Amino acid sequence: MPKVRLDRSLRLPADSASQALGELLQAIAKQEGPWRGFALHVGFGDLHLPDVGYVAVPIRLTVEKNAKEARAFDIRFNAANLPAAFPGFTGTMSVEPREIGECELYLSGEYELPMQFFGRLLDGALMPNVAAVSLENFIDEIAAACQARVDQREAEFVRYHFSP
């Protein structure tokens, strides 16, 4: 099973980012609000086709607070429809503090290619690293959502506490 370790820098305090990450993962798992029908996506260009769109695969995600690390969440997801035809992922999303007011978002784990030999052939030769690219897109989307959620909270706090 191919292993993954991806990271993104966030200009957020680690505690705020971790709280936002937990809320976002729970919303995806429960299919709440704008996270209903959340899908992994890959651009047509990544599939060696004219880059005029993308392929989206809705996922079913489960999340649990990691028992060992305070700012980590154990996640698992697979395709909501035809899970045997698409890679499944098992791993951890976590936040680690960096400089003051900054942190690092990590996605680590492994994905299982479907259809054994045929799945490895597709991933290795016909559509190289499509699963890995979809995970890159996933962490980018989660990072942007964490940033937006914390920014929104801070703006609401300022508006509420410092309005004339």
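These notes cover the structure that comes with them. Counting from 1, residues in each chain are numbered in the order their sequence is written. Whole-chain, interface and lining totals are the exception, using all residues; otherwise, since this is a predicted model, local features are given only for residues with pLDDT of at least 70 and side-chain atom pairs are given and counted only at 80 or more. Where side-chain values are given, they derive from all heavy atoms of the structure, hydrogens and water being excluded.

**Re unusual backbone geometry**
Part 1: With a phi close to 55 degrees, Gln-31 is a non-glycine residue in the positive phi region.
Part 2: Note that Gln-31 resides in the loop between helix 1 (14–30) and strand 2 (39–43). Under the DSSP-based scheme used, a helix requires at least four consecutive residues in state H or I and a strand at least two consecutive residues in state E, with every element numbered from the N terminus.

**A look at the packing of aromatic side chains**
Part 1: Classification of ring pairs uses Phe, Tyr and Trp, with its six-membered ring standing for Trp, and accepts pairs whose centres are within 6.5 Å; under 30 degrees between planes counts as stacked, over 60 as edge-to-face, and the remaining range as tilted. With the rule as written, the count across this model stands at four aromatic pairs.
Part 2: With a centroid separation of 5.9 Å and an interplanar angle of 65 degrees, the aromatic rings of Phe-38 and Phe-138 are classed as edge-to-face. In this pair, Phe-38 is assigned in the loop between helix 1 and strand 2 and Phe-138 in helix 3 (residues 130–162), connecting sequence segments 100 residues apart.
Part 3: Residue Phe-38 is classed as buried on the basis of its relative accessible area, which comes to 6%.
Part 4: A centroid spacing of 5.2 Å and a plane angle of 25 degrees characterise the contact between Phe-77 and Phe-89, whose relative ring orientation is stacked. In this pair, Phe-77 is assigned in strand 4 (residues 72–79) and Phe-89 in strand 5 (residues 88–97), connecting sequence segments twelve residues apart.
Part 5: What links up through ring pairs into an aromatic cluster is the set Trp-35, Phe-38, Phe-77, Phe-89 and Phe-138.
Part 6: Over the ring of Phe-73 we find Lys-65; its NZ or CZ atom is 4.7 Å from the centre of that ring. Each residue's exposure class comes from its accessible area (1.4 Å probe, protein chains only) as a fraction of the maximum for that residue type: buried when under 20%, exposed when over 50%, partly exposed otherwise. Whether a charge sits over a ring comes down to the Lys NZ or Arg CZ being within 6 Å of the ring centre and within 35 degrees of the ring normal.

**A short note on the pairing of strand 3 (residues 54–65)**
Part 1: Only when DSSP finds a minimum of two bridges between them are two strands counted as paired. Where strand 2 meets strand 3, five bridges bridge the pair, whose relative direction is antiparallel. Directly across from His-41, in strand 3, lies its bridge partner Ala-56.
Part 2: Linking strand 3 to strand 4, which pair antiparallel, is a turn of six residues.

**Observations regarding the nonpolar core**
Part 1: Take the buried Ala, Val, Leu, Ile, Met, Phe, Trp, Tyr and Cys residues and link them wherever side-chain atoms come within 4.5 Å; each set so joined is a nonpolar core. Leu-21, Ile-75, Phe-77, Met-93, Leu-105, Leu-107 and Phe-138 are the most contacted members of the largest nonpolar core, which totals 37 residues.
Part 2: Elements supplying a minimum of two residues to this core: strand 1 (3–10), helix 1, strand 3, strand 4, strand 5, strand 6 (103–112) and helix 3.
Part 3: With residues near it in sequence (within four places) discarded, Leu-107 still touches Val-4, Arg-5, Leu-6, Ile-75, Phe-89, Thr-92, Met-93, Leu-135, Phe-138 and Ile-139. For this analysis, residues touch if any pair of their heavy atoms sits within 4.5 Å.

**Observations concerning the sheet that holds strand 6**
Part 1: Read from one edge of the open sheet, six strands run 1-6-5-4-3-2, paired in antiparallel fashion. Each edge of the sheet is formed by a strand with only one pairing partner; in this case those strands are strand 1 and strand 2. This sheet shows a mean twist of 30 degrees between the axes of neighbouring strands, independent of strand direction.
Part 2: Where strand 4 lies against strand 5, six bridges are found, and the strand directions are antiparallel. Each bridged residue has a counterpart across the sheet, and for Asp-74 the counterpart in strand 5 is Thr-92.
Part 3: Strand contacts of helix 1: strand 1, strand 3, strand 4, strand 5 and strand 6, with the helix running at about 155 degrees to strand 5, the strand carrying the most contacts. Every angle, taken between N-to-C directions, lies between 0 and 180 degrees, and every axis is a line fitted to C-alpha atoms, over only the stretch in contact when it is a helix.

**Quick notes on the side chain of Arg-8**
Part 1: With respect to the element layout, Arg-8 can be found in strand 1.
Part 2: On the accessibility criterion, Arg-8 (19% relative accessible area) is buried.
Part 3: A distance of 2.4 Å separates the side chain of Arg-8 from the side chain of Glu-136, its partner in a polar contact.
Part 4: Among residues more than four places away in sequence, those in contact with Arg-8 are Cys-103, Glu-104, Leu-105, Glu-136, Ile-139, Asp-140 and Ala-143. Contacts described as polar in this section are N or O atom pairs within 3.5 Å, which, within protein, must combine one atom able to donate a hydrogen with one able to accept it, while residues neighboring in sequence count only if both atoms come from side chains.

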